[in-house]
Amino acid sequence: MRLTSKVAAVMLVAMAGLVLSARVGSAEWFADLYAGVSLTQSHDVNIHDPIVGQGVYKDTDFSTNLAYGVRIGRYFDSIPFLGLALDYFTFSPNIAPQGTKREGCMLVTGCGTFEGHTGRIDIDVRAVSLDLMLRLPLLKSDKAPNGLVQPYLSLGAPLFITTVTPRTSLQFRNQHDETSVSVGGKGAAGVAVQIFSNLNLFGEYRFTHTNTDVDLESAVVRTASFETTLNTHSFLMGISARW
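Quick notes on the rules
- Residues numbered from 1 in each chain as written.
- Predicted model: local features only at pLDDT ≥ 70, side-chain atom pairs only at ≥ 80, totals over all residues.
- Heavy atoms only, no water.
- 1 Å grid on protein atoms, 1.4 Å probe; cavity = no way out; pocket = protein on both sides within 12 Å on 5 of 7 lines; lining within 4 Å.
- Points joined across faces, edges and corners; volume = space filled by probe spheres on them.
- Nonpolar A, V, L, I, M, F, W, Y, C, P; charged D, E, K, R; others polar.
- Helix = DSSP H or I, 4+ residues; strand = E, 2+ residues; numbered from the N terminus.
- Disulfide = S-S within 2.5 Å.
- Core = buried A, V, L, I, M, F, W, Y, C linked by side-chain atoms within 4.5 Å.
- Buried < 20%, exposed > 50% of the residue type's maximum accessible area, 1.4 Å probe, protein only.
- Contact = heavy atoms within 4.5 Å.
- Patch = residues over 30% accessible without salt bridge, like charges linked within 9 Å, V, L, I, M, F, W, Y side chains within 5 Å.
- Areas by Shrake-Rupley, 256 points an atom, 1.4 Å probe, with all protein chains shown as cover.
- Salt bridge = Lys/Arg side-chain N within 4 Å of Asp/Glu carboxyl O.
- Pairing = 2+ DSSP bridges.

A. Region of interest: the layout of surface pockets. Approximately 160 Å³ is the volume found for the second largest pocket. Taken together, 14 residues make up the lining of the second largest pocket; nearest its centre are Glu28, Asn146, Gln194, Ser197 and Arg242. Across the lining of the second largest pocket, the residue classes break down as four nonpolar, seven polar and three charged.

Here's what the structure looks like:
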């Protein structure tokens, strides 16, 4: 679902307010910093240009890329296994130049199935979400009252802010970059291990899903659309401060 920038801004403020509204004494707070690698599954890319034509680039590959982000949240003292967190996450599943099967009707080739070439298209994704956090405190002690080891799950519905920038694509020879805002889904599972009284290390797997649909305008005021689905697997390591 695509959103306007004003609606997205209101939702971001609301997310932050929900996380930060509680008294510090009523919760265990945490701040995470993490990085890793993201792999986006191959998917069809739909391109429609009112002059050149409309085509579907089948099973287009996306680049493996660096992923990183920050997360701040709290676990509740009254329900210590339950928490909320505000998460910011970014990755870049770029499309490298490649040959793919192209279906559709183009001005030069006519209608049918042909060998197509994508050129290079950069995709930058930023995701912000309010996540529900569930943890299982294991190996509790006086020095680790919340557990020395904490397996956890995280669920959220992020706002995805996606910028598409054509680089060397023949299809988008004169188009500028464009940004879309959409709502998607996210699920994660990980394990945190306490290494000092207020410091944890953690490893996390997360899956994110979103659709991106942008209208790319050219210098001659011609608009071409770019649409695809980003199903992404991320493998992350990070450090977590607790207080």
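B. Empty space enclosed by the protein, seen in detail. A complete count under the given rule lists two cavities of 30 Å³ or more for this structure. In this structure, the second largest cavity occupies an estimated 50 Å³ of space. Looking at the second largest cavity, the residues that line it are Phe30, Asp32, Arg71, Tyr75, Met133, Tyr152, Ala192, Phe202 and Arg242. Every element with two or more residues in the lining of the second largest cavity is listed here: β1 (27–40) and β4 (65–76). Residue composition of the lining of the second largest cavity, by class: six nonpolar, no polar and three charged.

C. Quick peek at the state of the cysteines. For the structure shown, the criterion picks out one disulfide. Covalently, Cys105 is tied to Cys111 through a disulfide, its sulfur atoms 2.0 Å apart. Between Cys105 and Cys111, the disulfide has an S-S torsion of 115° and is therefore right-handed.

D. Region of interest: the nonpolar core. One finds Val45, Phe89, Ile95, Ile123 and Phe226 to be the most contacted residues of the largest nonpolar core, which totals 27 residues. Contact partners of Ile123, with chain neighbours within four places excluded, come to Phe62, Phe91, Ser92, Pro93, Asn94, Ile95, Thr162, Thr163, Phe226 and Leu230.

E. Representation of a nonpolar patch on the surface in the model. A surface patch of nonpolar side chains, about 750 Å² in accessible area, is lined by Leu33, Val70, Tyr88, Val191, Val193, Ile195, Phe196, Leu201 and Ile239. Assignment of secondary structure puts Ile239 in strand β14 (residues 223–242).

F. Structural detail: the pairing of strand β8 (residues 121–135). Inspection of the sheet shows strand β5 (residues 82–91) paired to β8 by ten bridges, in the antiparallel sense. Opposite Asp87, over in β8, you have Ser129 as the bridge partner. For β8 and strand β10 (residues 159–166), the ladder comprises eight bridges, and the chain directions are antiparallel. Each bridged residue has a counterpart across the sheet, and for Val125 the counterpart in β10 is Thr162. Pairing analysis gives five bridges linking β8 to strand β9 (residues 149–156), with the strands arranged antiparallel.

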